[in-house]
Amino acid sequence: MHRRLALFALLLGASVSFFALDLGRFLSLDYFKSQQAAIEAWRAAQPLAAAAMFFLAYLAIAALSIPGAAVLTLVAGAIFGLGWGTLLVSFASASGATLAFLTARFLLRDWVQARFALRLRAINAGIEREGGFYLFTLRLVPIVPFFLINLLMGLTAIRTWSFYWVSQIGMLAGTLVYVNAGTQLARLESLSGILSPGMLISLALLGVVPLISKKILERLRMKKIYEQWIKPKRFDRNLVVIGGGSAGLVTSYIAAAVKAKVTLVEKHKLGGDCLNTGCVPSKALIRSAKLLSHMKRSAEFGIRSATAEFDFAEVMERVQRVVKAIEPHDSVERYTSLGVDVVEGTAKIVSPWEVEIVGNDGKTQRLRTRAIVIAAGARPFVPPIPGLDTVGYLTSDTVWNLRELPPRMIVLGGGPIGSELTQCFARLGSKVTQVEMLPRIMVREDIEVSEIVTARFRAEGIDVLVNHKAKKFVVEKGEKILIAEHEGKDVRIPFDAVLVAVGRAANLTGYGLEDLGIPVGKTVTTNEYLQTNYPNIYAAGDVAGPYQFTHVAAHQAWYAAVNALFAPFKKFKADYSVIPWATFVEPEVARLGLNEIEAKEQGIAYETTVYHIDDLDRAIADGEAHGFVKVLTVPGKDKILGVTIVGEHAGDLIAEYVLAMKHGIGLNKILGTIHIYPTLAEANKYAAGVWKKAHAPEKLLELVSAFHTAARLGLPLRTLPERFFSE
Ligand SMILES: Cc1cc2nc3c(=O)[nH]c(=O)nc-3n(C[C@H](O)[C@H](O)[C@H](O)COP(=O)(O)OP(=O)(O)OC[C@H]3O[C@@H](n4cnc5c(N)ncnc54)[C@H](O)[C@@H]3O)c2cc1C
């Protein structure tokens, strides 16, 4: 900080002296003309000293962003001629520009990047990808002031070396024009005549050449990708969608809504994971488990005792009834009536425009399609732990088939799925041990969130084992045992059933990606338009990542459908700036935007405001007075960067902040909005109130207090102490 201040003071001093001493008069065309003969004589006598002196003067002017570079460039032509003049100016201007760039970076970049980090994310990504091209264009077109480019580029993430060489090459054409004009200095009356409109247009055209070349190269790359395939002259479909889960259903729905001919192929069950083995059954099970937990807590509500008689199998049957009740929303009939051609079968991409479908009825068909959306989803990841296959295991795919409650259960994994099912099975009566190899469960959330959930789990009798790495499974005397490593020692955990919930792996094989050479990492690789390397093949949902939620799959589906149908006329970049999610454990945890861990990792400056829900009337009345609303804001402003809510119905409460963040509504406006009393939603407003209190305008309040005093005592306002009116 001190070094920054010292440099700033130095620069300020230099600039103030420059203007105070009117040194600018030495950088005028007239002054040079009047001194031209003397300077030329000096150069003839001491050419090296003159060149060095000129170089340093130019460097200083460029580095300090002082006006005068254009005049000095002309002087270079007049004194040193076209060749040497261009050489000197080219190196001096690029070096000076780089010094100015580094100065701006040193003084301001950290501050700018921290303060405007969210907004700068896209710019930084753009600079990372195409910064050189943009800089080159800006340098070639001398309409944008030289010093401004240096300073602004210093605030971005462009590398110094790239800045230097792109600047040097980019400025060369303009330098040549000016130095050449300088060779005729005597005839020059002003700077304005040097660049005629024709010259400006030529430079501008030169500036866009690299961008155009890039586009041409992209076209050629695309042509090369497609050239090994024969493009059909006509298509049977506008779009074929592979996979009928959340992403595929929404994609085909949108396509049908905009009157495209679309086929949706699903090999298993429409509705995919969410309906059949994910969100819906898990939330149905959570509901039954919650009822049991409330009965256990009956005394808290003034009910002396409440007992539940239940059969686990009946609970699991209810889960299936819930799935069945929602099924019609995702049914073949519904989608057919919406205009989607639904095919039950397995799809394989056989060329960029052809999908082969082996129907569940054994019939095969090949559809020619203008575009394809891959929405093939993900499956539970099962780590290769020795002995796992021998003991047998459950996953989120198979756990729904259980009809007998395992007396002792291990849940492997402390993420959202593992945590939700841990609490459910514990509440239903299993003795559950949750095993997590990281230092805490729900590791994506802030530390205190994990602590609250862990404490609740332990209070409910769950054995939460963190820092425990599953090493192997064995069967000893008919008993299944997990051997986990904890602090270098083996820990033995006997169990009856193990549920593996350590993450989900995208489905990437078996349906043509390998044959077409579509690149994949953990998910299908796409650009921000959700296009794969074949621009007419898109991916959405869990198979595309980076989030694995139904609402994100549906969100991406809109982009995939619209881009697939309307590109190249119009394309939209998928927007992940405001992504919420919830983990439906008790206490419920909901997240939006940044939490503290991420803000710190990304170097984003933030302020934290916390409202504790134990103070909220409705939460107290409901016997749920726990948890908090934590809002991260831009320092000194009410702009929301992220929210974490822990507590009853957190996933519902956060919707207000989702809307606010999406539409740039700050905490002041949330505070000024009427919330129904008594509701849990009031917590959102009270969090805004906490923020407001911390940012109360102290001076104004002092003034208002003085006003009240004067009003009470009947004093004229002018008798109030003068300091109240001084600011
Ligand atoms: C236990 C659990 C709880 C969850 N809870 C929530 C929650 O509360 N909230 C939330 O937002 N998310 C939740 N999720 C995540 C959510 O289920 C997924 O993010 C969502 O289902 C992803 O949808 P998708 O369309 O990308 O993939 P999927 O739903 O997996 O659909 C992909 C479909 O493609 C089909 N398919 C694959 N290959 C082919 C082929 N070659 N031909 C034809 N068909 C093919 C598959 O059969 C599948 O039906 C949960 C997940 C689990 C496992």
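For the structure itself, consult the block above.
Residues numbered from 1 in each chain as written. Predicted model: local features only at pLDDT ≥ 70, side-chain atom pairs only at ≥ 80, totals over all residues. Heavy atoms only, no water.

Draft legend 1. Structural context of the site of the ligand. Within the structure, the ligand sits among 37 residues, and E266, D273, K283, D542 and T550 are positioned closest to it. Take C274: an N or O atom from its main chain is 3.3 Å from an oxygen atom of the ligand. K283 places a side-chain nitrogen or oxygen 2.7 Å from an oxygen atom of the ligand. Secondary-structure elements contributing two or more residues to the shell around the ligand are α9 (246-257), β2 (262-266), α10 (272-276), α11 (279-296), β3 (341-351) and α18 (550-566). (Near = heavy atom within 4 Å. Polar contact = N/O pair within 3.5 Å; in protein donor to acceptor, adjacent residues only side chain to side chain. Helix = DSSP H or I, 4+ residues; strand = E, 2+ residues; numbered from the N terminus.)

Draft legend 2. Local environment of the sheet that holds strand β11 (residues 479-486). With antiparallel pairing, the three strands of this open sheet are ordered in space as β10-β11-β12. Where the open sheet ends on each side, the last strands, each with one partner, are β10 (469-476) and β12 (489-495). Averaged over all pairs of adjacent strands, the angle between their axes in this sheet comes to 25°, without regard to strand direction. Pairing of β10 with β11 involves seven bridges; the strand directions are antiparallel. Bridged to F473 within β11 is L482. (Pairing = 2+ DSSP bridges. Axes fitted to C-alpha atoms, helices over the stretch in contact; angles between N-to-C directions.)

Draft legend 3. The arrangement of a nonpolar patch on the surface in detail. A surface patch of nonpolar side chains, amounting to about 370 Å² of accessible area, comprises V144, F147, L148, L151 and L152. The residue V144 is located in the loop between α5 (117-140) and α6 (146-154) in this model. (Patch = residues over 30% accessible without salt bridge, like charges linked within 9 Å, V, L, I, M, F, W, Y side chains within 5 Å. Areas by Shrake-Rupley, 256 points an atom, 1.4 Å probe, with all protein chains shown as cover. Salt bridge = Lys/Arg side-chain N within 4 Å of Asp/Glu carboxyl O.)

Draft legend 4. Spotlight on the pairing of β2. The buried fraction of β2 is high, at five of five residues. Of the two faces of β2, the one lined by V262, L264 and E266 and the one lined by T263 and V265 are each fully buried. In terms of strand pairing, strand β1 (residues 237-242) meets β2 through four bridges, oriented parallel. Residue V240 lies in a different strand from β2, and its bridge partner there is T263. (Buried < 20%, exposed > 50% of the residue type's maximum accessible area, 1.4 Å probe, protein only.)

Draft legend 5. Spotlight on the nonpolar core. L285 and F425 are the most contacted members of the largest nonpolar core, which totals 35 residues. The set of elements that each furnish at least two residues to this core consists of α11, α12 (312-326), β7 (408-412), α15 (416-428), α16 (447-459) and β13 (497-500). Excluding anything up to four places from it in sequence, L285 contacts V315, M316, V319, W400, L421, C424, F425 and L428. (Core = buried A, V, L, I, M, F, W, Y, C linked by side-chain atoms within 4.5 Å. Contact = heavy atoms within 4.5 Å.)

Draft legend 6. Highlighting α6. When we look at burial in α6, the residues that qualify are I149, N150, M153 and G154. With its buried residues spanning 125° around the axis, α6 presents them on a single face. (Arc of directions from axis to C-beta.)

Draft legend 7. Representation of the pairing of strand β8 (residues 431-435). Where burial is concerned, most of β8 is hidden: four out of the five residues are buried. As paired elements, β7 and β8 share five bridges and run parallel to each other. Within β8, the residue paired with V411 across the bridge is Q434. For the crossover from β7 across α15 to β8, the handedness is right-handed. Sheet topology places β8 next to strand β9 (residues 463-465); three bridges connect them, and they run parallel. Paired with V435 across the bridge in β9 is L465. Once the chain exits β8 it traverses α16 before rejoining the sheet at β9, and the crossover so formed is right-handed. (Right-handed = clockwise from strand over helix to strand, strands pointing away.)

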